[in-house]
Amino acid sequence: MRAPRSVVLALAAVLALTGCATGTGAPGGSSSTDGASAMGGADLVVYVGRNEDHVRPLVEEFERRTGLDVDARYGSTGELATTILQEGASSPADLFFTQDPAYIGAISEAGLLSRLPDDVLDAVVPGIAGSDGDWVGVTARRRVLAYDPATTSADQLPDTISELVEEPWRGRVGLAPTHSSFVSFVAALVAIRGEGEALAWLEGIAANDPQIFDGNEEQLRAIAAGDLDVGLVNHYYVHRLRAEDPAFSVRNHSFAAGDAGDVLMPTAIGRLTGGAHPEAAVEFIRFLLADQAQRHFLDEVGEYPLVLGIGTPAGERPLDPELIDAMNLAEVAGNLDVATDLIARAGLI
């Protein structure tokens, strides 16, 4: 039996506190402005479930260009989603900018998002938007298997996630089951393979003695230290750590194209129905989908731009529109409940 919505929300709150954090604090804990935001005079309120270092420069540039005061409230995606669901139509947020599709899907299912203009929906690669047109992808991260070529030969690495539940990988695989990127990966696994196969894989990986971490970066550092062989992560963490230290030894291994392990996890943004600044909200989304912001996420973060023609992260597989369509990303956005339920049933949390 699937967990009721109240249990899912409680689990989302636990995930937010234990492993999903990509921001710097609770809602309202950090904002891009001082006086205007504190006095409730902001021209736009954005709940940002992304790393503040990745988003703040763009918020500041948007303010400079438009003259608008933006109250950007940073926190974890799971925490902020739970907050919005509790606030309902009275939420002060105009926009919710998430690091994955599953949590914004929960907001959409609650009827708290408004349909976006067609030009916004048409700006990105087809298939990376809500089925009702109420959220749109901004960038994407690909799921990969991280490893160190100095200790694990590339020809030993699996082509499919199914191989990770087999005996040769016992005790050698790292994962972060309480991190929202893993939750979204499981949501995608359900969309691609169905609940039964997703649960069987989760139970298989749980029985194969995985090493459990709070997040993606912790896995990479464990691999570099020789304490872990491989880790299930999003691709851009390796890019970020190698930018900080060119000698960082960890690399990304892609699963075979079309495998359930080779999925895109889009960041997403949606406009809240109760927001007081709908025009400014749409203007901000258009800004995130313009060349400058898209290139910022490519060059500074290592993410995939979702506007065609901007580029591809160095060394990564280009976007494949046919595979994107097969990933059923709109369905992924509605699978938060089942994904959290299956992870718990498999005993990973």
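You'll find the structure just up there.
About the thresholds
Residues numbered from 1 in each chain as written. Predicted model: local features only at pLDDT ≥ 70, side-chain atom pairs only at ≥ 80, totals over all residues. Heavy atoms only, no water. Buried < 20%, exposed > 50% of the residue type's maximum accessible area, 1.4 Å probe, protein only. Helix = DSSP H or I, 4+ residues; strand = E, 2+ residues; numbered from the N terminus. Arc of directions from axis to C-beta. Contact = heavy atoms within 4.5 Å. Phe/Tyr/Trp six-rings, centres within 6.5 Å; stacked < 30°, edge-to-face > 60°. 1 Å grid on protein atoms, 1.4 Å probe; cavity = no way out; pocket = protein on both sides within 12 Å on 5 of 7 lines; lining within 4 Å. Points joined across faces, edges and corners; volume = space filled by probe spheres on them. Nonpolar A, V, L, I, M, F, W, Y, C, P; charged D, E, K, R; others polar. Salt bridge = Lys/Arg side-chain N within 4 Å of Asp/Glu carboxyl O. Pairing = 2+ DSSP bridges.

Asks: Describe helix 9 (residues 216-224), listing the residues and the values that go with them.
Replies: Residues three or four positions apart in an α-helix share a direction because the helix packs 3.6 residues into each turn. Considered for burial, the residues of helix 9 that qualify are Asn216, Gln219, Leu220, Ala222 and Ile223. Buried residues of helix 9 fall within an arc of 160° about the axis and therefore sit on the same side. Of the surrounding elements, those touching the buried residues of helix 9 are strand 5 (135-147), strand 6 (173-175), helix 7 (180-193), strand 8 (230-234) and helix 10 (236-244). Once helix 9 ends, the next one or two residues include Gly226, with phi positive near 85°.

Asks: Describe unusual backbone geometry, and please don't skip the residues or the numbers.
Replies: Positive phi is not limited to glycine here, since Asp209 has a value of about 55°. Inspection of the secondary structure assignment puts Asp209 in the loop between helix 8 (195-207) and strand 7 (211-212). For Asp209, a relative accessible area of 43% corresponds to the partly exposed category.

Asks: Please provide a residue-by-residue account of the packing of aromatic side chains, values included.
Replies: A full pass over the atoms with the stated rule returns 6 aromatic pairs. When the ring of Phe182 is compared with that of Phe185, the centres are 5.7 Å apart and the planes differ by 55°; the resulting orientation is tilted. One end of the pair, Phe182, and the other, Phe185, are both in helix 7, 3 residues apart, so they sit about a helical turn from each other. A residue is classified by how much of its surface remains accessible, and Phe182, at 1% relative accessible area, is buried. For the ring pair Phe185 and Trp201, a centre distance of 5.6 Å and an interplane angle of 80° mean the geometry is edge-to-face. On the criterion of sequence distance, the pair formed by Phe185 in helix 7 and Trp201 in helix 8 is long-range, its members being 16 residues apart. Of the two residues, Phe185 and Trp201, neither departs from the other in class, the shared state being buried.

Asks: Any chance you could break down the layout of surface pockets for me, citing the residues and the numbers?
Replies: In this structure, the second largest pocket encloses a volume near 200 Å³. Every residue along the wall of the second largest pocket is listed here: Val238, His239, Arg242, Ala243, Arg251, Asn252, Ser254, Ala314, Gly315, Glu316 and Arg317. Looking at the lining of the second largest pocket, the elements that each hand over two or more residues are helix 10 and strand 9 (251-253). Per-element accounting of the lining of the second largest pocket gives the leading share, 4 residues, to helix 10. Classifying every residue of the lining of the second largest pocket gives 3 nonpolar, 4 polar and 4 charged.

Asks: Please give an account of the pattern of salt bridges that cites residues and values.
Replies: Taken as a whole and judged by the stated rule, the model has 18 salt bridges. Of the charged contacts in the structure, one is a salt bridge between Asp262 and Arg142, with a shortest N-O distance of 2.8 Å. On the criterion of sequence distance, the pair formed by Asp262 in the loop between strand 9 and strand 10 (264-272) and Arg142 in strand 5 is long-range, its members being 120 residues apart. The exposure class of Arg142 is buried, given its relative accessible area of 3%. Salt bridges sharing common partners tie together Arg50, Arg141 and Glu303.

Asks: Can you lay out the environment of Ala339 for me, pointing to particular residues and giving the numbers?
Replies: Looking at the secondary structure, you find Ala339 in helix 15 (residues 336-345). Taking relative accessible area as the criterion, Ala339 reaches 0% and is therefore assigned buried. Sequence spacing of Ala339 and Ala188 is 151 residues, and the spatial spacing of their C-alpha atoms is 8.7 Å. Apart from residues no more than four positions distant in its own chain, Ala339 is found in contact with Val183, Val186 and Ala187.

Asks: Describe the pairing of strand 10, listing the residues and the values that go with them.
Replies: Most of strand 10 is tucked away: 9 of the 9 residues are buried. Relative to strand 10, strand 3 (residues 95-98) is paired through 4 bridges, and the arrangement is antiparallel. Paired with Phe96 across the bridge in strand 10 is Gly270. Summarising the sheet, strand 5 and strand 10 pair through 6 bridges and their orientation is antiparallel. When the bridges of strand 10 are listed, Val136 appears paired with Ile269.

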